[in-house]
Amino acid sequence: MDFDYIIVGAGFSGVVMAERLATEKKAKVLIIEKKRHFGGNCYDCYDKAGILIHQYGPHIFHTSSKDVWEYITRFGEMHIYHHRVLGVIEGKKVPIPFNLNTLEELFPKALGERIEEKLVTKYGMGQKVPILKLRAENDPDLKFLAEYVYEKIFAFYTEKQWGLKPEELTPEVTGRVPVYISWDDRYFQDRYQGMPVEGYTKMFERMLDHPNIKLLLNTDYFEVKDEFKYKKKLIYTGPVDAFFDYRFGKLMYRTIDFVFENYPKENYQEAATVNYPNDYGFTRISEFKLMTGQLSPTTTTVKEFSREAVVGTDELYYPMFTDEWIAKYREYEKEAAALNDTIFLGRLAQYRYYNMDQAILASLAAFQKL
Ligand code: FAD
Ligand code: UDP
């Protein structure tokens, strides 16, 4: 069978491309997806208790891009939702990222006020300071704060999440959760934030609902690639190293073991996500109803246990963001750039820490280039 484009992977990167190509270019598109469902990591479904859960971890939509927000809300309404996270520190549940509320809750009044004043004078109200930057401070109060936050929030959490110390990762990783000099205790400050009223899977269903898009589920591209031909391009959103048959060796990824639990009570915890930076083997517990707004007499939570992925067997969730692995990826990136008939897109094919909106933006940009 002949198609204009073949797309490998039915996550946001692949499906946005398919929707754009079919709608705007009237192109004939085949999507090949290994899993038994579309949606990639963003897939959601109802569990046995009737609670809408995210199979691959909690996904909160947030973006500063009006284009992305306008694009995505064409496929389903969002209810406005601002994510808040608490972290258990010294037995108290306090706001994360560390902000002025956290400072007030954890420190004696006089010390807290002195540190606040120094933070505001040095950086300014509303500024976000990555922990690795704060650690370079010389002022004794700010140094004390930096060491406290480093030890109590980052050190063990990062060990559990990555098997590494914060400084061994590229700064953008811990920079995602900076010290925030503000009374705003939300996890994200993007202009647009929300959760799809009918869930992500429904949004994907609408994006794929086009006569020019054919979807083949339960199919590994590498097992069928000789059976299908494309006239224009292949768009690949799977792991980049697999595409080149691990020519330069396997890249490293982290996977997560998700443990879902349903409780016969309306509510489990104080916030949608509670981080455990000091105890236990899991990093965080999220409660879906507190994000989706669903009403039900029972509630479902998910615990996340992170570990190194066995490539070829495990789900690959996080590329390994260290200089060493990014350098290894660059070898693949060069090979990928040399292929004129293939576009590499998405978290796995570009070995990037894309949020959903960034993956969508990258696909919209790649479509424009076509
Ligand atoms: P994916 O969703 O991984 O899709 C790739 C698809 O390709 C998969 O379906 C895979 O099965 C398929 N595939 C791979 N190889 C083959 C093959 N050989 N043949 C056929 N199919 C193949 N982002 C946010 O914005 N907010 C959040 O709150 C958030 N939370 C997250 C929580 C976790 C635990 C994780 C891991 C990620 C989170 N993200 C979040 C990021 C978000 O999941 C990604 O940005 C998004 O899924 C990227 O989409 P993608 O299409 O690039 O990749
Ligand atoms: N982090 C941490 N403690 C926390 C929250 C985050 O050490 O309480 C660090 C950790 O290294 C993590 C990174 O900051 O991987 C990014 O956190 P984020 O919540 O953005 O991760 P994601 O939601 O992508 O898993």
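Here the structure is a predicted model, which means the values were calculated and not measured.

Visitor: In this structure, what is going on with the site of ligand 2? I would like to understand it.
Guide: Neighbouring residues of ligand 2: 15 residues in total, closest W162, R176, Y187, Y318 and Y353. In the model, an oxygen atom of ligand 2 is placed 3.0 Å from a nitrogen or oxygen of the N275 side chain. In the complex, 95% of the free accessible area of ligand 2, which totals 530 Å², lies under the protein chains. Among the elements of the structure, α6 (140-162) and α7 (171-175) are those that each provide at least two residues to the shell around ligand 2. The greatest single-element share of the shell around ligand 2, amounting to six residues, is contributed by α6. Of the residues in the shell around ligand 2, the class split is nine nonpolar, four polar and two charged.

Visitor: Would you explain the packing of helix α4 (residues 109-122) against α6 in this entry?
Guide: A pair of packed helices is characterised by two quantities: the angle between their axes and the separation of those axes. At a closest axis distance of 10 Å, the pairing of α4 and α6 adopts a crossing angle of 100°. The angle between α4 and α6 places the two elements in the roughly perpendicular class. Residues L111, R114, I115, K118, L119 and K122 of α4 pack against D141, L142, F144 and L145 of α6.

Visitor: So what exactly am I meant to see when it comes to the nonpolar core here?
Guide: Generally speaking, soluble globular proteins have nonpolar side chains that are buried together. Counting 74 residues, the largest nonpolar core has F12, I31, F61, I72, L145 and I360 as its most contacted members. For this core, the leading source of residues is α6, giving eight residues. Once you skip the residues sitting within four places of it in the chain, I72 turns out to touch F12, F61, M78, M203, M207 and I360. The next biggest cluster of nonpolar side chains, apart from the first, holds 46 residues, and it includes I32, Y236, F243 and F288.

Visitor: Can you walk me through the pattern of salt bridges in this structure?
Guide: Note on pairing: side chains with opposite charge can pair once their charged atoms come close. For the coordinates displayed, the defined rule picks out 24 salt bridges. One salt bridge in this structure joins E70 and K66, with 3.5 Å as the shortest N-O distance. Here the residue E70 and the residue K66 both occupy positions in helix α2 (residues 66-72), the gap between them amounting to four residues, near one helical turn. Given the relative accessible area of 42%, E70 is considered partly exposed. Several salt bridges share partner residues, and in doing so they unite R114, K118, D139 and D141 into one network.

Visitor: So what exactly am I meant to see when it comes to the layout of surface pockets here?
Guide: In this approach the atoms are scanned with a rolling probe the size of a water molecule, which exposes any empty space left behind. A volume near 420 Å³ is recorded for the second largest pocket. Together, 19 residues line the second largest pocket, and T342, I343, F344, Q350 and K369 are the ones closest to its centre. Looking at the lining of the second largest pocket, the elements with two or more residues in it are α12 (323-337), β19 (342-344) and α13 (356-369). Per element, the largest residue contribution to the lining of the second largest pocket is four residues, and it comes from α12.

Visitor: What am I meant to see in the site of ligand 1 here?
Guide: Around ligand 1 sit 31 residues, and of these S13, E33, H59, Y354 and M356 come closest. A distance of 3.3 Å is found between an oxygen atom of ligand 1 and a backbone nitrogen or oxygen belonging to N355. Relative to its unbound accessible surface of 990 Å², ligand 1 loses 96% to contact with the protein. Those elements that place two or more of their residues in the shell around ligand 1 are α1 (12-24) and α9 (221-224). In the shell around ligand 1, the residues fall into 15 nonpolar, 11 polar and five charged.

Visitor: Could you clarify how one ought to interpret the environment of N278 in this entry?
Guide: Mapping N278 onto the fold places it in the loop between β15 (273-275) and β16 (284-287). Separated by 226 residues in the primary sequence, N278 and L52 place their C-alpha atoms 29 Å from one another. With residues up to four places along the chain from it excluded, the contact list for N278 reads V88, I89, E151, K152 and F156. Within polar-contact distance, the side chain of N278 engages the backbone oxygen of V88 at 3.3 Å.

About the criteria used
- Residues numbered from 1 in each chain as written.
- Chains lettered and ligands numbered in written order.
- Predicted model: local features only at pLDDT ≥ 70, side-chain atom pairs only at ≥ 80, totals over all residues.
- Heavy atoms only, no water.
- Near = heavy atom within 4 Å.
- Polar contact = N/O pair within 3.5 Å; in protein donor to acceptor, adjacent residues only side chain to side chain.
- Areas by Shrake-Rupley, 256 points an atom, 1.4 Å probe, with all protein chains shown as cover.
- Helix = DSSP H or I, 4+ residues; strand = E, 2+ residues; numbered from the N terminus.
- Nonpolar A, V, L, I, M, F, W, Y, C, P; charged D, E, K, R; others polar.
- Axes fitted to C-alpha atoms, helices over the stretch in contact; angles between N-to-C directions.
- Parallel < 35°, antiparallel > 145°, perpendicular 65-115°, else oblique.
- Contact = heavy atoms within 4.5 Å.
- Core = buried A, V, L, I, M, F, W, Y, C linked by side-chain atoms within 4.5 Å.
- Buried < 20%, exposed > 50% of the residue type's maximum accessible area, 1.4 Å probe, protein only.
- Salt bridge = Lys/Arg side-chain N within 4 Å of Asp/Glu carboxyl O.
- 1 Å grid on protein atoms, 1.4 Å probe; cavity = no way out; pocket = protein on both sides within 12 Å on 5 of 7 lines; lining within 4 Å.
- Points joined across faces, edges and corners; volume = space filled by probe spheres on them.

Shape is all these values report; function is a separate question.
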